[in-house]
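# Survey of secondary and tertiary structure
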Amino acid sequence: MNPRALFLITSPAVLWFCVFSTAAEPLQKAEPIVGTKKNQVDISSLQEQARGGDARAEYLLGWSYMTGTGVSQNYVEAAKYYWQAAAQNSSDAEFSLGYLYEQGKGVPRDYQQAVVYYTAAARQGHLTAGNNLGSMYENGRGVHKNLHQAEHWYRMAAERGDVTAQCNLASWYFRGKGIARDYSQAADWFREAAERGYAPAQENLAWMYFTGTGVLRDYSRAAQWVQVAAHKGFARAQLDLGYIYEVGKGVPLDYVTAYSWYKAASAGGEERAGGRLKNLSALMTKEQISQANLAAGQLSRSLPKVDGPAATQPIGSLFFIPR
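Scoring rules and cut-offs
- Residues numbered from 1 in each chain as written.
- Predicted model: local features only at pLDDT ≥ 70, side-chain atom pairs only at ≥ 80, totals over all residues.
- Heavy atoms only, no water.
- Phe/Tyr/Trp six-rings, centres within 6.5 Å; stacked < 30°, edge-to-face > 60°.
- Helix = DSSP H or I, 4+ residues; strand = E, 2+ residues; numbered from the N terminus.
- Buried < 20%, exposed > 50% of the residue type's maximum accessible area, 1.4 Å probe, protein only.
- Contact = heavy atoms within 4.5 Å.
- Axes fitted to C-alpha atoms, helices over the stretch in contact; angles between N-to-C directions.
- Parallel < 35°, antiparallel > 145°, perpendicular 65-115°, else oblique.
- Left-handed = near helix turned anticlockwise from the far one by under 90°.
- Nonpolar A, V, L, I, M, F, W, Y, C, P; charged D, E, K, R; others polar.

What follows deals with the packing of aromatic side chains. Enumeration according to the criterion identifies eight aromatic pairs in this entry. A centroid spacing of 5.6 Å and a plane angle of 85° characterise the contact between Tyr-154 and Trp-172, whose relative ring orientation is edge-to-face. Taken together, the positions of Tyr-154 in helix α7 (residues 147–159) and Trp-172 in helix α8 (residues 163–175) put the pair 18 residues apart, joining distant regions of the chain. Given the relative accessible area of 0%, Tyr-154 is considered buried. By relative accessible area, which is 1% here, Trp-172 ends up buried. Here the aromatic cluster, defined as three or more aromatic residues joined through ring pairs, consists of Phe-174, Tyr-183 and Trp-207.

What follows is the structure in structure tokens.
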């Protein structure tokens, strides 16, 4: 599990992170002022309010420029408005500036400045900032590496409901990094995030049930959790779901359904799916393959579209399917 890749998510501010020690990306929705056209950000109204010193308007303008919502994407302009809002102690703006400094977008990359702004936001209770600050301490970026501080910030955010931090903390318990290894605690924290709807946590919790790690082995529960994640368009879970249908553990053995999920995983960017499809095809009749391709087309149309393969990493070196 890559510390900066196994889950991160932001609060009603601006970005999404992915951490098992991860960082963030600016995709979360803010609540912009809407103009006369449906879902259109009223930039002129925000600019007028920002000129009057309205910190929320300044932050929303920064968010609009960062995400290209209502205006052309411009990280330099985003940083300018975030600075103005941060000067008025906007935790959302502080968090967003931390992200820009960490990524070097609109400003020179500067991990120390990223830590400064993440810290300011986290001390105001911004959960994603707390998660990202934990990642900075874990990886020694902008600060001396300090696992005690990393755990402090991960736990703060996790206990208040941040799913990325919950997954990071679960990862630490799973690997015994910074804290004593405890598979039961790992499962508990994955469950917290899974029950909040976070697909990577759902898939990792499924793995723990499938292998009996930290919980009693339960193929049915493993199947239930991986199905939830797969139906959200999470390609790695789709690969796992194909596998459990192929071997018939937790679900009836069904090559046609397995093939359909492998196809979905392949379309979602999961490179290992091609090999599984090739191996499974050798066990199927031509009629089954024809049925499976038809089912795969129907399945594809029913699944949400997810941009590119998942960036997060699984908790084990062996998941359902050996790597």
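Resuming the write-up.
For Gly-142, the location among the structural elements is in the loop between α6 (127–139) and α7. A relative accessible area of 26% places Gly-142 in the partly exposed class. In this structure, Gly-142 is in contact with Tyr-111, Gln-112 and Val-115, ignoring residues within four places of it in sequence.

With that out of the way, let us pick up the packing of helix α10 (residues 199–211) against helix α11 (residues 219–231). At their nearest, the axes of α10 and α11 sit 8 Å apart, and the two run at 165° to each other. Relative to α11, the element α10 lies roughly antiparallel. Relative to α11, the crossing made by α10 is left-handed. Along its contact with α10, which presents Ala-199, Gln-202, Glu-203, Leu-205, Ala-206, Tyr-209 and Phe-210, the element α11 presents Tyr-219, Arg-221, Ala-222, Trp-225, Val-226, Val-228 and Ala-229. The residue inventory of the contact of α10 with α11, partitioned by class, reads 11 nonpolar, one polar and two charged.

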